[in-house]
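# Structural features, examined
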Amino acid sequence: MAGATVSPTPLLKDELDIVIPTIRNLDFLEMWRPFFQPYHLIIVQDGDPSKVIKVPEGFDYELHNRNDINRILGPKASCISFKDSACRCFGYMVSKKKYIYTIDDDCFVAKNPSGKDINALEQHIKNLLTPSTPFFFNTLYDPYREGADFVRGYPFSLREGAPTAVSHGLWLNIPDYDAPTQLVKPLERNTRYERSFAYKNLCFLFTELFIPKPLFVRYVDAVLTIPKGTLFPMCGMNLAFNRELIGPAMYFGLMGDGQPIGRYDDMWAGWCMKVICDHLGFGVKTGLPYIWHSKASNPFVNLKKEYKGIYWQEELIPFFQSVILPKDCTTVQKCYVEISKQVKAKLGKVDEYFNKLADAMVTWIEAWDEQNPSEGVVANVPAK
Ligand SMILES: O=c1ccn([C@@H]2O[C@H](COP(=O)(O)OP(=O)(O)O[C@H]3O[C@@H](CO)[C@H](O)[C@H]3O)[C@@H](O)[C@H]2O)c(=O)[nH]1
Ligand SMILES: [Mn+2]
């Protein structure tokens, strides 16, 4: 008698936590149930702690609201943002797992060009479990993917690759645009069109003649390593990382209530993280998987949150491009504290906010080490 079909054990079932920042009921989990149910969820409830967040039945989760954050961290809770999705980093800190996946509650399961539901978590896990190629660019993209490989001329001495610290996923429907771009392109959707050839041509003809062409922004079937020495704008809504390799660097900077800026939490984390990954020899990937981002947040509200960041970043990027970490910075914590010192020394004059942020970065590391006493990966810093 054929054995009962046993569904395969999901990858990293007991080694990965899913972190969700939220201000609303988590009905979106129903669509993710087939992919998320086997995993432990860490829900970080933002805003009013007295509000009850409804979580669908059948999920294994822990929920932390602001009262919990204050109770667990005491005065160090000051480094965790309030009234901003940046609060999600508290979930990274209290997790005890090796891997983290974080997703927004307005992100749903997307379909690939063949119409199949995308298991975003599975793709992130594949990205994290295979090496990256930060030191030499492979023109056939991710050489470790099925059907790809290193191309001619790729040095064999580099084909082992580097450990992957971060997997940065993308979005269908509402792309993660800044407010000015949202305002000038209110209708732009990253939408896949699955139409017959004839229909497509009819569409093309019609749009050519009568209406402004809809922007068919593509589904790109690729995973790329972001080269060493290159920064990128990290979006927190569909993001996974190896917590043991890079967790202490994933501080989503001070935003929201009482802060002069918002929607730069993930950007700040991405810049600090990438500088540290480059220093410690870890890789960062971007591309697949896609999720379906359903809700465009209000561009005018976003503009109010972002506007200082839009001009500050013209100074922040050169700063991060110029950061040099000493060889004796052999752990993420040491690297992070060193960056905070340079933030204070070089960005404090841009705005007082960066002195406060530099202090919060140190508080974050102190809180991290308090919550995770045994951790602290000593990486062998590769020769420059
Ligand atoms: O005060 C708040 C507001 C929201 N949240 C939770 O955070 C995520 C994202 O919220 P939302 O989808 O409304 O906002 P977006 O503009 O689409 O978010 C993207 O922009 C960046 C914000 O920094 C970020 O990379 C993306 O998340 C949801 O889960 C809300 O429930 C919150 O916790 N606190
Ligand atoms: Mn959103």
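The structure presented is a predicted model; accordingly, all values stated were derived computationally and were not measured.

### Here's the deal with the site of ligand 1
Among the 23 residues in the neighbourhood of ligand 1, the closest are listed as Asp104, Asp105, Arg263, Asp266 and Ser297. Separating an oxygen atom of ligand 1 from a side-chain N or O atom of His293 is a distance of 3.2 Å. Relative to its unbound accessible surface of 660 Å², ligand 1 loses 90% to contact with the protein. Of all the secondary structure elements, the ones that give two or more residues to the shell around ligand 1 are strand 1 (16–22) and helix 8 (265–280). Its residues assigned to classes, the shell around ligand 1 shows five nonpolar, five polar and 13 charged.

### What about the UniProt feature "site: Required for activity" (unreviewed entry) in the protein?
Sites flagged by UniProt as "site: Required for activity" (unreviewed entry) map to Arg152 and Arg159. Relative to the assigned elements, Arg152 resides in the loop between helix 4 (120–129) and strand 6 (164–173). With respect to the helices and strands, Arg159 occurs in the loop between helix 4 and strand 6. Accessibility expressed as a relative area gives 19% for Arg159, which makes it buried. Contact partners of Arg159, with chain neighbours within four places excluded, come to Tyr144, Phe150, Val151 and Tyr154.

### Considerations on the state of the cysteines
According to the stated counting rule, one finds zero disulfides in the structure shown. Here Cys107 stays free of any disulfide, with the sulfur of Cys235 as its closest cysteine sulfur at 7.6 Å. The exposure class assigned to Cys107 is buried, which follows from its relative accessible area of 0%. Cysteine Cys277 shares no disulfide, and the gap to the nearest cysteine sulfur, in Cys335, comes to 9.6 Å. Cys277 sits in the buried class, given a relative accessible area of 0%.

Reading the values: rules and limits
- Residues numbered from 1 in each chain as written.
- Chains lettered and ligands numbered in written order.
- Predicted model: local features only at pLDDT ≥ 70, side-chain atom pairs only at ≥ 80, totals over all residues.
- Heavy atoms only, no water.
- Near = heavy atom within 4 Å.
- Polar contact = N/O pair within 3.5 Å; in protein donor to acceptor, adjacent residues only side chain to side chain.
- Areas by Shrake-Rupley, 256 points an atom, 1.4 Å probe, with all protein chains shown as cover.
- Helix = DSSP H or I, 4+ residues; strand = E, 2+ residues; numbered from the N terminus.
- Nonpolar A, V, L, I, M, F, W, Y, C, P; charged D, E, K, R; others polar.
- UniProt positions renumbered as here; feature names shortened; annotations may be inferred.
- Buried < 20%, exposed > 50% of the residue type's maximum accessible area, 1.4 Å probe, protein only.
- Contact = heavy atoms within 4.5 Å.
- Disulfide = S-S within 2.5 Å.

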